[in-house]
Amino acid sequence: MMLILYDSLTGNVGRFIKKLSVEATQITADMVVDQDFILITFTTSLGEVPDKTNTFLQKNHDHLKGVASSGNKNFGAYYGLAADKIAQKYRVQIVSKFELSGTATDVTLFMEGLSNIMEGLNNIETY
């Protein structure tokens, strides 16, 4: 299974993690990771990546394989925009986006996205 790391401020991402029934670790700004991982974070302000997430990724982006983000659909075009910004900056796939702490459907979509990324990594030929 892929390492799942997350950042949560208000608890929404933490509650989403519990629904996934997978082992996950909350990031710290000074954490260094030496294996591939999927990051689940939240969107702050008007579509911004949280500071702690940015600091963590500056040190660990080489192992980032995909990103998911929570958001609030009340913010329209800014909904889950942290995932878009991280995916674009580090050239990784968006696993999923979910509102607040997610629904059962969001959990299914995340697990499908995770499976697709892992399958893609397993199909990369090494020479």
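The text that follows walks through the structure, step by step, so that each part is easy to find.

Conventions we followed
- Residues numbered from 1 in each chain as written.
- Predicted model: local features only at pLDDT ≥ 70, side-chain atom pairs only at ≥ 80, totals over all residues.
- Heavy atoms only, no water.
- Buried < 20%, exposed > 50% of the residue type's maximum accessible area, 1.4 Å probe, protein only.
- Helix = DSSP H or I, 4+ residues; strand = E, 2+ residues; numbered from the N terminus.
- Arc of directions from axis to C-beta.
- Salt bridge = Lys/Arg side-chain N within 4 Å of Asp/Glu carboxyl O.
- Core = buried A, V, L, I, M, F, W, Y, C linked by side-chain atoms within 4.5 Å.
- Contact = heavy atoms within 4.5 Å.
- Phe/Tyr/Trp six-rings, centres within 6.5 Å; stacked < 30°, edge-to-face > 60°.
- Pairing = 2+ DSSP bridges.
- Right-handed = clockwise from strand over helix to strand, strands pointing away.

**Quick notes on helix α3 (residues 81-90)**
Here comes step 1: Along α3, the positions that sit buried rather than exposed are Ala-82, Ala-83, Ile-86, Ala-87 and Tyr-90. End-on view of α3: buried residues confined to an arc of 130°, all on one side of the axis. Summarising the geometry of α3, the exposed residues directed more than 90 degrees from the buried face are Gln-88 and Lys-89.

**Here we look at the pattern of salt bridges**
Here comes step 1: Inspection of the entire model under this criterion finds 3 salt bridges.
Here comes step 2: Between Asp-7 and Lys-52 there is a salt bridge, and its shortest N-O distance comes to 3.3 Å. In this pair, Asp-7 sits in the loop between β1 (3-6) and α1 (12-20) while Lys-52 sits in helix α2 (residues 51-60), placing the two residues 45 residues apart along the sequence.
Here comes step 3: In this structure, Asp-84 and Lys-97 form a salt bridge, with 2.4 Å as the shortest nitrogen-oxygen distance. Of this pair, Asp-84 sits in helix α3 while Lys-97 sits in strand β5 (residues 93-99), and the two are 13 residues apart along the sequence.
Here comes step 4: Residue Asp-84 is classed as partly exposed on the basis of its relative accessible area of 28%.
Here comes step 5: The class for Lys-97 is partly exposed, based on a relative accessible area of 26%.

**Quick look at α1**
For an α-helix the count is 3.6 residues per turn, leaving residues at separations of three or four pointing the same way.
Here comes step 1: Those residues of α1 that fall on the buried side of the exposure criterion are Asn-12, Val-13, Gly-14, Phe-16, Ile-17 and Leu-20.
Here comes step 2: At the C-terminal side of α1, Ser-21 shows a positive phi close to 55°.

**Quick notes on the nonpolar core**
Here comes step 1: In terms of nonpolar packing, the biggest core is built from 18 residues, with Ile-4, Leu-20, Ile-38, Ile-40 and Phe-110 touching the most fellow members.
Here comes step 2: At the level of elements, β1, α1, β3 (37-42), β5 and α4 (104-122) are the ones that each hand at least two residues to this core.
Here comes step 3: Filtering out sequence-adjacent residues up to four positions away, Ile-4 remains in contact with Ile-17, Val-22, Glu-23, Ala-24, Thr-25, Ile-38, Ile-40, Phe-110 and Leu-114.
Here comes step 4: Counting residues in each nonpolar core, the second largest holds 17 residues, with Phe-37, Val-49, Phe-56 and Ala-82 among its members.

**Observations regarding the packing of aromatic side chains**
Here comes step 1: A full pass over the atoms with the stated rule returns 3 aromatic pairs.
Here comes step 2: Summarising the aromatic geometry, the rings of Phe-16 and Phe-98 are spaced 3.7 Å apart at their centres and angled 10° between planes, so their arrangement reads as stacked. In this pair, Phe-16 sits in helix α1 while Phe-98 sits in strand β5, placing the two residues 82 residues apart along the sequence. For the pair shown, Phe-16 and Phe-98 are each scored as buried.

**Side note on the pairing of β1**
Here comes step 1: In terms of strand pairing, β1 meets β3 through 4 bridges, oriented parallel. Across the sheet, the residue bridging to Leu-5 is Leu-39, located in β3.
Here comes step 2: Alignment of β1 against strand β2 (residues 25-26), held across 2 bridges, turns out to be parallel. Bridge pairing in β2 places Leu-5 opposite Thr-25.
Here comes step 3: Read as a crossover between parallel neighbours, the route from β1 over α1 to β2 is right-handed.

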